[in-house]
Amino acid sequence: MERFDFKIAQDENVYPPSEDSYLLIEAINPINFGKALEIGVGSGIISLHLARKIDTVFACDINPYSLFLSKQNAFANSLSNIYLFYSNIFSSIKVGTLFDLIVFNPPYLPVESPPRKIIDLSYHGGVDGGDHIRAFLDGLGSFLSNNGTAYLLQSSLYPLENTTNYLEKNNFRYKIKKTLKLDFEILYVLEISFFKNNKF
Ligand SMILES: C[S@@+](CC[C@H](N)C(=O)[O-])C[C@H]1O[C@@H](n2cnc3c(N)ncnc32)[C@H](O)[C@@H]1O
């Protein structure tokens, strides 16, 4: 496919570029960011977009097929500034490492049964859909630089106020940067920074 001018190969074990991926890309203006991190890189579509504008992009996933495919896609688009690694959310990142930009399009579907296939890890958000969102928010304050910005995709399938209440209580500020109404849900992109940062 050639949307956003990239050559993107796909794999049945990897989340393909989708409406939520493109909504995030449209929400992010990747200027003035020295070091970026994408959690859950999937096919690499978002990190490829970032890597055209940002010096260094770190990108992780728990799905080894995603890491392999993203590497191939970076190569096919002549991008050599994307560093791919395994991580369960922030688990592999050394404490004290800070990023100016952090992006996450999490698995967010509410599902009762555990994931069975590796591709299920792309969708499975736990019983209420919020498992990965909560884990991301819990780590965010430790890895976002003082003037940094994070972009989080969330669906109306998991209550937006759970996230906004958490942010307000934990000294973050946020803005809803994009919304997209689909048949059974509304997608939101939240732009998040520390409260003391007056960037927006
Ligand atoms: C909805 S897909 C998004 C993929 C890609 N960023 C995009 O927007 O097209 C979610 C991705 O997060 C990955 N993932 C799931 N659980 C994760 C975890 N605990 N830590 C890191 N990545 C995870 C999945 O393997 C999948 O690649």
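None of these values were measured; they are calculated from a predicted model.

### A word on the pairing of strand E7 (residues 186–194)
Then comes step 1: Within E7, 7 of the 9 residues are buried, leaving the element largely enclosed by the surrounding structure.
Then comes step 2: Sheet topology note: the strand E6 (residues 172–181)/E7 ladder contains 9 bridges and is antiparallel. Within E7, the residue paired with Tyr 174 across the bridge is Ile 192.
Then comes step 3: In this structure, the hairpin formed by E6 and E7 is closed by a connection of 4 residues.

### Brief notes about the UniProt feature "domain: Methyltransferase small" (unreviewed entry) in the chain
Then comes step 1: In the numbering adopted here, UniProt assigns the feature "domain: Methyltransferase small" (unreviewed entry) to residues 21–108.
Then comes step 2: This span, residues 21–108, is 31% helix and 25% strand, and a straight line between its end C-alpha atoms measures 13 Å.

### A word on the site of the ligand
Then comes step 1: The local shell around the ligand holds 25 residues, among which Ser 21, Gly 40, Gly 42, Asn 63 and Asn 105 are the closest.
Then comes step 2: Residue classes in the shell around the ligand are distributed as 11 nonpolar, 12 polar and 2 charged.

### Structural notes on helix H3 (residues 64–76)
Within an α-helix, residues lying three or four positions from one another point in the same direction, as the helix has 3.6 residues per turn.
Then comes step 1: Helix length check: H3, at 13 residues, gives a terminal C-alpha distance of 19 Å against a target of 18 Å (1.5 Å per residue), a fit within 8%.
Then comes step 2: Among the residues making up H3, those that are buried are Ser 66, Leu 69, Ser 70, Asn 73 and Ala 74. Down the axis of H3, the buried side of the element spans an arc of 140°, and every buried residue falls inside it. The exposed set on the far side of H3, more than 90 degrees from its buried face, consists of Pro 64 and Phe 75.

### What about the environment of Ala 51?
Then comes step 1: When you line up the elements, Ala 51 lands in helix H2 (residues 45–51).
Then comes step 2: The buried category is assigned to Ala 51, around which 23 C-beta atoms lie within 10 Å.
Then comes step 3: Separated by 21 residues in the primary sequence, Ala 51 and Pro 30 have C-alpha atoms spaced 9.0 Å apart.
Then comes step 4: Ala 51 has contacts with Val 57, Leu 79, Asn 81 and Ile 82, leaving out every residue within four places of it along the chain.

### Quick look at the sheet that holds strand E5 (residues 144–155)
Then comes step 1: As summarised here, the arrangement of the 7 strands in space is E3-E2-E1-E4-E5-E7-E6, forming an open sheet in which the pairing is mixed. Whereas interior strands pair on both sides, the edge strands pair on one side only; in this sheet they are strand E3 (82–86) and E6. Each adjacent strand pair in this sheet contributes to an overall mean axis angle of 15°, direction not counted.
Then comes step 2: Where H3 meets the sheet, its contacts fall on strand E2 (56–61) and E3, and the angle it forms with E3 comes to roughly 170°.
Then comes step 3: Relative to E5, helix H4 (residues 131–143) is tilted by about 170°, and along the sheet it contacts strand E1 (35–39), strand E4 (99–104) and E5.

Scoring rules and cut-offs
- Residues numbered from 1 in each chain as written.
- Predicted model: local features only at pLDDT ≥ 70, side-chain atom pairs only at ≥ 80, totals over all residues.
- Buried ≥ 20, exposed ≤ 12 C-beta atoms within 10 Å, placed from the backbone.
- Helix = DSSP H or I, 4+ residues; strand = E, 2+ residues; numbered from the N terminus.
- Pairing = 2+ DSSP bridges.
- UniProt positions renumbered as here; feature names shortened; annotations may be inferred.
- Near = placed C-beta within 6 Å.
- Nonpolar A, V, L, I, M, F, W, Y, C, P; charged D, E, K, R; others polar.
- Expected span 1.5 Å × (residues − 1).
- Arc of directions from axis to C-beta.
- Contact = placed C-beta atoms within 7 Å.
- Axes fitted to C-alpha atoms, helices over the stretch in contact; angles between N-to-C directions.

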